[in-house]
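Residue-level listing of the chains:
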Amino acid sequence: MQLEEIFKNVKAASKSLTLIKDETRNEILQAVAEAILAHKEEILAANRSDLSRMDKSNKVYDRLLLNDKRLEDIAADMHHVATLPSPLGKTLKEKTLENGLNLKRVSVPFGVIGMIYESRPNVTFDVFSLCFKSGNACILKGSKDADDTNRAEVKLIHNVLKQYHINTNVVELLPATHEATGELLNAVGYVDLCIPRGGKNLIKFVQSTAKVPVIETGAGIVHCYFDEEGDLTIGKDIVDNAKTRRPSVCNTLDTLIINEKRLQDLPELLSKVETKGVRIYADAQAYKALKGKYTDDLLEKADEETWSYESMSLQMGVKTVANIDEALEHIAKYGSGHSESIITEDQDAQKKFQTLVDAACVYVNTPTSFTDGAQFGLGAEIGISTQKLGARGPMALEEITTYKWLITGHGQIRA
């Protein structure tokens, strides 16, 4: 009953959001961004408390970690969201029927968005900024790992909202319990849309439990195919950036696929990731090409599990194929529909890859690390959708609005 009361309060508060002018929304977002930097020591202290309970060897430790630079980036993203055009009230389609009825389709908020996320304290601010800008109230459900940080962040947001006399129920943080997740997913009548952002186990639980509408932001099993006509110079930079820039995030490279005609270049292709301690799980052909030319302690033989594993750490599979068709078959079998890349100077291969790869984001001669709402110029992101119905890829302001039809007449009646 306690959570149901929270759901009721958020639902009621969501109605007031539609009356706030966009200029006021932007001013509030700017104020929250400034408050993040002004009170960063409080946030970092809460984050240190969370980090103290996690082993540094845990692959999500980096994802949980906040520092001055990351808070500055979060604040910058929020400032950017405040400068974006409002996604609300846009006329998406309009026509007048022969009987004189005017039909207009306009963009509107969903209402209440539930967000379930794991060990990602940046998501608290990202979701708030996008939801507030788009007129949606939000119910946040974080993990125990990040609970101290999330609570410090929501407290900061509430303090700013109070200064502007905005109902603080427009953003609420649920207890970090498994039971709260279940109740959120079953909050029919209160929650208009729920978005899970986490690993396979979370997604499976959501799929089997949810009674409210859900947009899945699935796990990222990400590939890069180095083609027969791949440029080795840019290739090793792309592989390095895709794998080591931030290994714990969903757009990081999991499997390098290499054309067998380029196996002699594999040691050079992996030269940069080798210096950063990336452990390679190679198939038989790739293992033979790397043996004695890659750090022995970092080279292991791949097995079937290698290809379906989202590493989120400094390890990567290497798969050898005879041609682009075999690469496409491998991606179709093991990919998660998140992000895929090809390195090639062959324009026919580029076009074939872009046409046949079934993923939200498909790259040519550039790394999958660009799959990010801010990098796409969308401001912050609420997640990367891997499904096809509705939003797909980085989800930002437009993806968390819906529409309604406005019909205006003057006495027309239907025959």
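The structure reproduced in this document is the subject of the present report. (Residues numbered from 1 in each chain as written. Predicted model: local features only at pLDDT ≥ 70, side-chain atom pairs only at ≥ 80, totals over all residues. Heavy atoms only, no water.)

Considerations on the overall build of the protein
Then step 1. Within the protein, the secondary structure is distributed over 15 helices and 16 strands.
Then step 2. Here the C-alpha atoms of the protein give a radius of gyration of 24 Å, agreeing with the 22 Å that 2.2 N^0.38 yields for 415 residues.
Then step 3. Seen through its principal axes, the protein has C-alpha atoms that stretch 75 × 60 × 40 Å.
Then step 4. Of all 415 residues assigned to the protein, the portion counted as buried reaches 54%.
Then step 5. Intrachain contacts of the protein at a sequence separation of at least 6 include 72% that bridge at least 24 residues.
Then step 6. In the structure as shown, the protein presents an accessible area of about 18,700 Å², 49% of it carried by carbon and sulfur atoms.
Then step 7. The average position of the 50 basic charges and that of the 59 acidic charges among the side chains of the protein differ by 4 Å. (Helix = DSSP H or I, 4+ residues; strand = E, 2+ residues; numbered from the N terminus. Rg over C-alpha atoms; globule rule 2.2 N^0.38 Å. Buried < 20%, exposed > 50% of the residue type's maximum accessible area, 1.4 Å probe, protein only. Contact = heavy atoms within 4.5 Å. Areas by Shrake-Rupley, 256 points an atom, 1.4 Å probe, with all protein chains shown as cover. Lys, Arg positive; Asp, Glu negative; His and termini not counted. Charge placed at Lys NZ, Arg CZ, Asp CG, Glu CD.)

Let's talk about helix α7 (residues 147-163)
An α-helical turn contains 3.6 residues, so a residue and the one three or four places further along point in the same direction.
Then step 1. Compared with an ideal rise of 1.5 Å per residue, which puts 17 residues at 24 Å, α7 spans 25 Å between its outermost C-alpha atoms and is within 8% of the ideal.
Then step 2. All of the buried residues along α7 are Asp 147, Thr 149, Asn 150, Glu 153, Val 154, Leu 156, Ile 157, His 158, Val 160 and Leu 161.
Then step 3. In the stretch just after α7, His 165 is the one whose phi turns positive, near 60 degrees. (Expected span 1.5 Å × (residues − 1).)

Notes on the pairing of strand β12 (residues 339-343)
Then step 1. Where burial is concerned, most of β12 is hidden: five out of the five residues are buried.
Then step 2. Burial along β12 is two-sided: Ser 339, Ser 341 and Ile 343 facing one way and Glu 340 and Ile 342 facing the other are all buried.
Then step 3. Where strand β7 (residues 223-226) lies against β12, four bridges are found, and the strand directions are parallel. Paired with Tyr 225 across the bridge in β12 is Ile 342.
Then step 4. Direction of pairing for β12 relative to strand β13 (residues 361-364): parallel, over a ladder of four bridges. Each residue of the ladder has a partner; that of Ser 339, found in β13, is Cys 361.
Then step 5. Taken together, β12, helix α15 (residues 347-356) and β13 form a β-α-β motif whose crossover is right-handed. (Pairing = 2+ DSSP bridges. Right-handed = clockwise from strand over helix to strand, strands pointing away.)

Looking at the packing of helix α6 (residues 122-133) against α7
The description of two packed helices rests on the angle between their axes and on the distance between the axes.
Then step 1. For the pair α6 and α7, the least separation of the axes is 10 Å and the interaxial angle reads 35 degrees. Residues Thr 124, Phe 125, Phe 128 and Phe 132 of α6 pack against Asn 150, Glu 153, Val 154, Leu 156, Ile 157 and Leu 161 of α7.
Then step 2. For the contact of α6 with α7, a count of residues per class yields seven nonpolar, two polar and one charged. (Axes fitted to C-alpha atoms, helices over the stretch in contact; angles between N-to-C directions. Nonpolar A, V, L, I, M, F, W, Y, C, P; charged D, E, K, R; others polar.)

Re the sheet that holds strand β10 (residues 299-301)
Sheet strands line up and pair through hydrogen bonds in the backbone, either parallel or antiparallel.
Then step 1. Strand order in the open sheet made by the seven strands is β10-β9-β11-β8-β7-β12-β13, with parallel pairing throughout. The open sheet has two free edges, formed respectively by β10 and β13, since each of these has just one partner strand. With direction set aside, neighbouring strand axes in the sheet form an average angle of 20 degrees.
Then step 2. As judged from the four bridges shared by strand β9 (residues 279-282) and strand β11 (residues 315-321), these two strands associate in the parallel manner. Following the sheet pairing, Ile 280 is matched in β11 by Met 316.
Then step 3. Helix α14 (residues 324-334) rests against β7, β8 (255-259), β11 and β12 of the sheet, and its axis sits at about 175 degrees to β7.

A few points about the sheet that holds strand β2 (residues 102-109)
Then step 1. Across the sheet, which stays open at both edges, the three strands sit in the order β1-β2-β16 with antiparallel pairing between neighbours. Looking at strand neighbours, the two that pair on one side only are β1 (91-96) and β16 (401-408), the edges of this open sheet. Adjacent strand axes in the sheet meet at a mean angle of 20 degrees when their direction is disregarded.
Then step 2. As defined by bridge partners, β1 adjoins β2 across five bridges and the pair is classed as antiparallel. Bridge pairing links Lys 93 to Arg 105 in β2.

Thoughts on a nonpolar patch on the surface
Then step 1. A cluster of nonpolar side chains, namely Leu 92, Tyr 403, Trp 405 and Ile 407, defines an oily patch on the protein surface of about 400 Å² accessible area.
Then step 2. Sort the elements by how many residues they give to the nonpolar patch and β16 lands first, with three residues.
Then step 3. On the accessibility criterion, Tyr 403 (42% relative accessible area) is partly exposed. (Patch = residues over 30% accessible without salt bridge, like charges linked within 9 Å, V, L, I, M, F, W, Y side chains within 5 Å. Salt bridge = Lys/Arg side-chain N within 4 Å of Asp/Glu carboxyl O.)

As for the side chain of Asp 283
Then step 1. Structurally, the position occupied by Asp 283 is in the loop between β9 and α13 (284-290).
Then step 2. Lys 319 is the oppositely charged side chain nearest to the buried, salt-bridge-free Asp 283, at an N-O distance of 4.5 Å.
Then step 3. Polar side-chain contacts of Asp 283 include one of 2.9 Å to the backbone nitrogen of Ala 286.
Then step 4. Setting aside anything within four residues of it in sequence, one finds Asp 283 in contact with Ala 302, Trp 307, Val 318, Lys 319 and Thr 320. (Polar contact = N/O pair within 3.5 Å; in protein donor to acceptor, adjacent residues only side chain to side chain.)

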